[in-house]
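Tertiary structure, described
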Amino acid sequence: DDRAPIPVLSPLARRSRQARVAWGSHVVTVGGDAPVRVQSMTNTDTVDVIGTAIQVKELAIAGSEMVRITVNTPEAAAAVPHIREQLDRMGIDVPLVGDFHYNGHRLLTEHPACAETLSKYRINPGNVGKGEKGDKQFAQMIEAACRYDKAVRIGVNWGSLDQEVMAALMDTNSHRAKPWDVKQVMYEALIQSALDSARDAQSIGLSANQIIISCKVSGVQDLISVYTALAQRCDYALHLGLTEAGMGTKGTVASATALSVLLQQGIGDTIRVSLTPQPGEARTQEVVVALEILQSLGLRSFNPSVTACPGCGRTTSTTFQELAKQIDDYLRAQMPVWKSRYPGVESMKVAVMGCIVNGPGESKHADIGISLPGTGEAPAAPVFIDGEKAMTLRGEGIATEFQTVVEQYIER
Ligand code: SF4
């Protein structure tokens, strides 16, 4: 047999510069050899100091390693140091990122405490201002970043693309023998706007290491096209996200699809999943989805994973679905305490299976697994630990007994 073995795939690595996003002694590195970082954004009015601090705390506890807040008015800028104070009091050291549009130059200049408290500034070149005035306003923001040693994300967005860059590229395109598709012109405009601004920021004095770039669009194929080209044309750290991904399943699936294709190619140093929360849905859902994307790709481990079959006509009851959910909820709830107590617990794999067809096999591949009895099978549930059959559970209390076995395994 001279067939070559099938390659075992894993995400590629793209060499990028490394930015430091810090609050006090807590430093979150982005790019270089750092793991892909998760970030999110509040949807509270930043002037509401307590409400914003509580949401930042919730997002941080859910796993967000940086949290962006809107800084859109003098009142919001004035609130930023107070939000930080509240977080420090709560023991939350997650770095805060300020989101600036239109008036960022004034807010950062006139509110030095805000400029100093934020750990990173997001600047959108599409609405920083036009001509000489715009250049001056951009320079004021970059000078603040240099003065306070902050990282800057130059965040271009399809919905607020610099129209001067777009118009100039459309003009050039009209003179081509074979004009580009309008979409291709837009891709180019997004990338050019970001890279021109990054070059300008460097000429003002900002270190290339402290620049992070994003070019967000809302279409999956568009995002893949833009970031594939962007990654080839610079070595800045890249912030990745599908903007305005949408609500619920659609937003989750679209984000996971686009981000996974790019992350597999090593593109993306920090991610945000921009979900529109459905009524009653927690803001933290976008962080949960971001963590799952990274864990599913094998890029990071955050929580023990529970493998569960979908169930079918061979399943005798809903016990296994309930058990899978119960175990999953239990493991997630324990993680804040377990993370420090049991190093490596986040890599653990638990299998909860519905019958003998795939049950024993999946259970053996997990650290600990159970195969519940399916239709026509003896009422017994073998439990496998580290690949070996360890015991058989029977009767009504299988779910509770298995949870105890999992707890004992983790403690051991
Ligand atoms: Fe159905 Fe059994 Fe497969 Fe689960 S393991 S999906 S119950 S055949």
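See the structure shown above.
Report follows, based on the coordinates. The structure displayed is predicted, hence computed values, not measured ones.

**Structural notes on the pattern of salt bridges**
Tallying each qualifying case throughout the model produces 17 salt bridges. For R17, the salt bridge is made with D235, and the minimal N-O distance between the two is 3.1 Å. With R17 in the segment before strand 1 (18-23) and D235 in the loop between helix 8 (220-233) and strand 9 (237-240), this residue pair connects regions lying 218 residues apart in the sequence. Accessibility expressed as a relative area gives 31% for R17, which makes it partly exposed. Notably, a salt bridge pairs E65 with R37, separated by 3.0 Å at the nearest N-O pair. Highlighted residues: E65 in the loop between helix 1 (49-62) and strand 4 (66-70) and R37 in strand 3 (residues 37-41), separated in sequence by 28 residues. We note that E65, like R37, is buried.

**Re the packing of aromatic side chains**
Pairs of aromatic rings are described using the distance from one ring centre to the other and the angle between the two planes. Counted by the stated rule, this structure contains 4 aromatic pairs. Ring centres of W158 and Y187 lie 6.5 Å apart, and the angle between their planes is 50 degrees; this geometry places the pair in the tilted category. Taken together, the positions of W158 in the loop between strand 7 (151-157) and helix 6 (163-174) and Y187 in helix 7 (residues 182-204) put the pair 29 residues apart, joining distant regions of the chain. Aromatic pair W338 and Y342: ring centres 6.3 Å apart, planes at 65 degrees, arrangement edge-to-face. For W338, a relative accessible area of 6% gives the class buried. Grouped by ring-pair contacts, the aromatic residues Y330, W338 and Y342 constitute a single cluster.

**A word on helix 6**
Given a rise of 1.5 Å per residue, 12 residues ought to cover 16 Å, and the 16 Å separating the end C-alpha atoms of helix 6 matches this to within 8%. The complete set of buried residues in helix 6 reads V165, M166, L169 and N173. In a view along the axis of helix 6, the buried residues occupy a sector of 95 degrees, so they form one face of it. Exposed positions of helix 6 whose direction lies more than 90 degrees from the buried face are Q163 and S174. Of the surrounding elements, those touching the buried residues of helix 6 are helix 7. Backbone nitrogen of E164 and a side-chain oxygen of the N-cap are separated by 2.9 Å at the start of helix 6; the cap is D162.

About the thresholds
Residues numbered from 1 in each chain as written. Predicted model: local features only at pLDDT ≥ 70, side-chain atom pairs only at ≥ 80, totals over all residues. Heavy atoms only, no water. Salt bridge = Lys/Arg side-chain N within 4 Å of Asp/Glu carboxyl O. Helix = DSSP H or I, 4+ residues; strand = E, 2+ residues; numbered from the N terminus. Buried < 20%, exposed > 50% of the residue type's maximum accessible area, 1.4 Å probe, protein only. Phe/Tyr/Trp six-rings, centres within 6.5 Å; stacked < 30°, edge-to-face > 60°. Expected span 1.5 Å × (residues − 1). Arc of directions from axis to C-beta. Contact = heavy atoms within 4.5 Å. Polar contact = N/O pair within 3.5 Å; in protein donor to acceptor, adjacent residues only side chain to side chain.

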